[in-house]
Amino acid sequence: MLANKRILLIIGGGIAAFKVPDLIRRLQDRGASVTPVLTRAGEEFVTPLTVSALAGQKVYRDLFDLTEESEMGHIQLSRSADLIVVAPATADMMAKMANGLANDLASTLLLATDTPVLIAPAMNVRMWDHPATRRNLAQLVADGVGVIGPNEGGMACGEFGPGRMSEPLEIVAAIEAKLADGPLKGRRVLVTSGPTHEPIDPVRYIANRSSGAQGTALAAALRDLGAHVVFVTGPASVPPPSGVEVVRVETAREMSEAVDAALPCDAAVFAAAVADWRVASASDRKLKKTRDGMPNLEFAENPDILARVSQMTGGRPPLVVGFAAETDDVIAHATAKRARKGCDWIVANDVSPATGIMGGSENAVVLISDEGAEEWPRMGKAEVATRLAARIAAAVAS
Ligand code: CTP
């Protein structure tokens, strides 16, 4: 799978570095050559001798002066590689990368190249959750850096949560996916997902039962085909996939603005369950039962994002896909909806409570296009996503 691929492996300073020898061996088993770079902190966790013996190559260390002419050649290391993998990627390394710092060999190599990069973060759960790390992660994803993990679990520091580096086999799979020329490589695909929250007052809102599971699975499937995915999500109950550009919004109007900011794109998929109505004048202070009495809410119509994008005269994405959640007469309603909104395809599904689809892990959809209505059997949402992503790839490529 990785025959003749050259991987520059930057080993950061974290306890997860103990998994690196296994990673090197598995990459070599698949035919890759691995050139290791050990950061100064990485040397605290794994020895240069171990790494170079396993890789069968010299290990590059942070022991020389990059200003020396004779050492400048090392910069070439990152340019001749097919992929740079940073594992473990510490919070510090991510911060350097996100800000373009170049103050040691590893960060200089990363800055001085346009070779694709994949990172496998590993850190304490609080460091992972820290707003600074979230910011850096978002920046790295926006810069096109691939991210695998971290996984959730018990950590060396005794805490529990996301922060454990992915297992070597998971990293190998991500490397294979990153190096594969997916049919959507170089394409930009927009996906909206999740519910919207429409405020009544600062503490209350109107929402719906969408979990965001189908949109999330779809974004991951499109990513796996090589697309750069802009994932505009309302407050969903499932986390966004890694390796996509995440834009978080709350209301329909915010979603509409985020969609505009994400254009132009090669395909746009509107899987979000957008509220059609918002409270016309949401109170800016909490409504009090005794002071304000029974609320008498008036509603104003939200922008119909799908219809607006479908009917754009300039800059309309070449493929616009809507979803239709219906509880009765699914095909008839969805067909009418497709015509009304002007999108190319509608993915219709029956969300009546008996189906267990809304918030569940399965879906049964009908794909409505110029070709007519195509009923898909009931299957997992991930499988629906894989199939739909393949159809999107075929349409975008043609
Ligand atoms: N949608 C949107 N913006 C809205 C409402 C819906 O982009 N304000 C998109 C959804 O993401 C979905 C499609 O439109 O792709 C269908 O949404 P749905 O709520 O089923 O359609 P409605 O226009 O609300 O029609 P109805 O209320 O008659 O079912």
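For the structure itself, consult the block above.
First, a word on scope: everything that follows refers to the structure included in this document. (Residues numbered from 1 in each chain as written. Predicted model: local features only at pLDDT ≥ 70, side-chain atom pairs only at ≥ 80, totals over all residues. Heavy atoms only, no water.)

## A look at the overall build of the protein
For clarity, the threshold we go by: Only DSSP runs of H or I with at least four residues qualify as helices, and only runs of E with at least two residues qualify as strands; both kinds are numbered from the N terminus onward. In this description the radius of gyration comes from C-alpha coordinates, and the expected globular size is given by 2.2 Å times residues to the power 0.38. Burial classification: accessible surface area is computed with a 1.4 Å probe over protein chains only, and a residue below 20% of its type maximum counts as buried, one above 50% as exposed, and the rest as partly exposed. Residue exposure ignores everything except the shown protein chains as possible cover, and the areas themselves are Shrake-Rupley values with a 1.4 Å probe. In this tally, Asp and Glu contribute negative charge and Lys and Arg positive charge; neither His nor the terminal groups of the chain are included. In plain terms, the charge of a residue is placed at NZ if it is Lys, CZ if Arg, CG if Asp and CD if Glu.
From N to C terminus, the protein includes 14 helices and 22 strands. Radius of gyration (C-alpha) of the protein: 24 Å, near the 21 Å computed for a compact globule of 398 residues. With respect to the principal axes defined by its C-alpha atoms, the protein has extents near 70 × 55 × 40 Å. Expressed as a percentage of the 398 residues in the protein, the buried residues total 49%. Taken as a whole, the protein presents about 18800 Å² of accessible surface, with 51% of it coming from carbon and sulfur. If the 40 positive side-chain charges of the protein are averaged to one point and the 47 negative ones to another, these points end up 3 Å apart.

## Looking at the sheet that holds strand β14 (residues 267-270)
Threshold: Paired strands, in this sense, are two strands between which DSSP finds at least two bridges. Angles here are taken between N-to-C directions and fall from 0 to 180 degrees, while the axes themselves are lines fitted to C-alpha atoms, restricted in helices to the stretch in contact.
With respect to topology, 8 strands assemble into an open sheet ordered β13-β12-β9-β14-β17-β18-β20-β21, the strand pairing being mixed. Only two strands of the sheet have a single neighbouring strand rather than two, namely β13 (245-248) and β21 (372-375). Between one strand axis and the next, the sheet turns through 15° on average, direction left out of account. With 4 bridges joining them, β14 and strand β17 (residues 319-326) adopt parallel strand pairing. Following the sheet pairing, alanine 267 is matched in β17 by leucine 319.

## A short note on the site of the ligand
Where we set the bar: Neighbouring residues are identified by heavy atoms, a residue being near a molecule or strand if any of them is within 4 Å of it. We call two N or O atoms a polar contact when they sit within 3.5 Å, provided that within protein one can donate a hydrogen and the other can accept it, with sequence-adjacent residues counted only if both atoms are side-chain atoms. Any residue outside Ala, Val, Leu, Ile, Met, Phe, Trp, Tyr, Cys, Pro, Asp, Glu, Lys and Arg is labelled polar, Gly included; the first ten of those are nonpolar and the last four are charged.
Surveying the vicinity of the ligand reveals 14 residues, the closest of which are Phe270, Ala272, Asp276, Lys337 and Lys341. In this structure, isoleucine 305 approaches the ligand through a main-chain N or O atom, which is 3.0 Å from a nitrogen atom. At 2.6 Å, a side-chain N or O of lysine 337 approaches an oxygen atom of the ligand. For the ligand, whose free accessible area comes to 570 Å², the fraction covered by protein is 78%. Looking at the shell around the ligand, the elements that each hand over two or more residues are α12 (305-310), β17 and α13 (330-341). Of the residues belonging to the shell around the ligand, the class tally is 8 nonpolar, 1 polar and 5 charged.

## Things to note about the pairing of strand β18 (residues 345-350)
To keep things clear, this is the line we draw: The handedness of a crossover follows from its direction of travel: if, with the strands pointing away from the viewer, the path from the first strand over the helix to the second runs clockwise, the crossover is right-handed.
For β18, a buried count of 5 out of 6 residues is recorded, marking the element as mostly surrounded by other parts of the structure. Pairing of β17 with β18, which is carried by 6 bridges, proceeds in the parallel orientation. Its bridge partner lying in β18, alanine 324 is registered against alanine 348. Of the crossover connections in this fold, the one passing from β17 over α13 to the parallel β18 is right-handed. Of the strand pairs in this sheet, β18 and strand β20 (residues 365-369) are connected by 4 bridges, and their pairing is antiparallel. Within β20, the residue paired with isoleucine 346 across the bridge is isoleucine 368.

## Structural notes on the packing of helix α9 (residues 213-224) against helix α14 (residues 381-397)
We apply this condition: For classification purposes, an angle smaller than 35 degrees is called roughly parallel, one larger than 145 roughly antiparallel, one from 65 to 115 roughly perpendicular, and anything else oblique. Take the far helix as your reference; a near helix turned counterclockwise from it by less than a right angle gives a left-handed crossing, and one turned clockwise gives a right-handed crossing. Contacts are residue-level and defined by heavy atoms, with any inter-residue pair within 4.5 Å sufficient.
In contact at an axis separation of 8 Å, α9 and α14 are set at 50° when each is read in the N-to-C sense. In terms of axis orientation, α9 runs oblique to α14. Judged by the twist between their axes, the crossing of α9 over α14 is right-handed. Packed against α9, whose contacting residues are Ala213, Gln214, Ala217, Leu218, Ala221 and Leu222, the element α14 presents Lys381, Ala382, Val384, Ala385, Thr386, Leu388, Ala389 and Ile392 at the interface.

## Some thoughts on helix α4 (residues 91-99)
Every α-helix winds through 3.6 residues per turn, so residues three or four apart in the chain are directed the same way. Every buried residue of α4 is listed here: Ala91, Met93, Met94, Lys96, Met97 and Ala98. The inward-facing, buried residues of α4 abut β1 (6-11), β4 (83-89), α5 (105-111), β5 (117-121), α6 (125-129) and α7 (131-142). Of the residues trailing α4, glycine 100 is marked for its positive phi of about 70°.

## A short note on unusual backbone geometry
In the segment running from alanine 87 into proline 88, the intervening peptide bond is cis, with an omega of -10°. Mapped onto the elements of the fold, proline 88 is located in strand β4. Glycine 149 connects to proline 150 through a cis peptide bond whose omega is 0°. If you trace the backbone, proline 150 turns up in the loop between β6 (146-147) and β7 (151-154). With a phi angle near 65°, asparagine 4 is a residue other than glycine that sits in the positive phi range. By secondary structure assignment, the location of asparagine 4 is in the segment before β1. Although it is not a glycine, aspartate 329 adopts a positive phi angle of roughly 45°. In this structure, aspartate 329 sits in the loop between β17 and α13. Taking relative accessible area as the criterion, aspartate 329 reaches 56% and is therefore assigned exposed.

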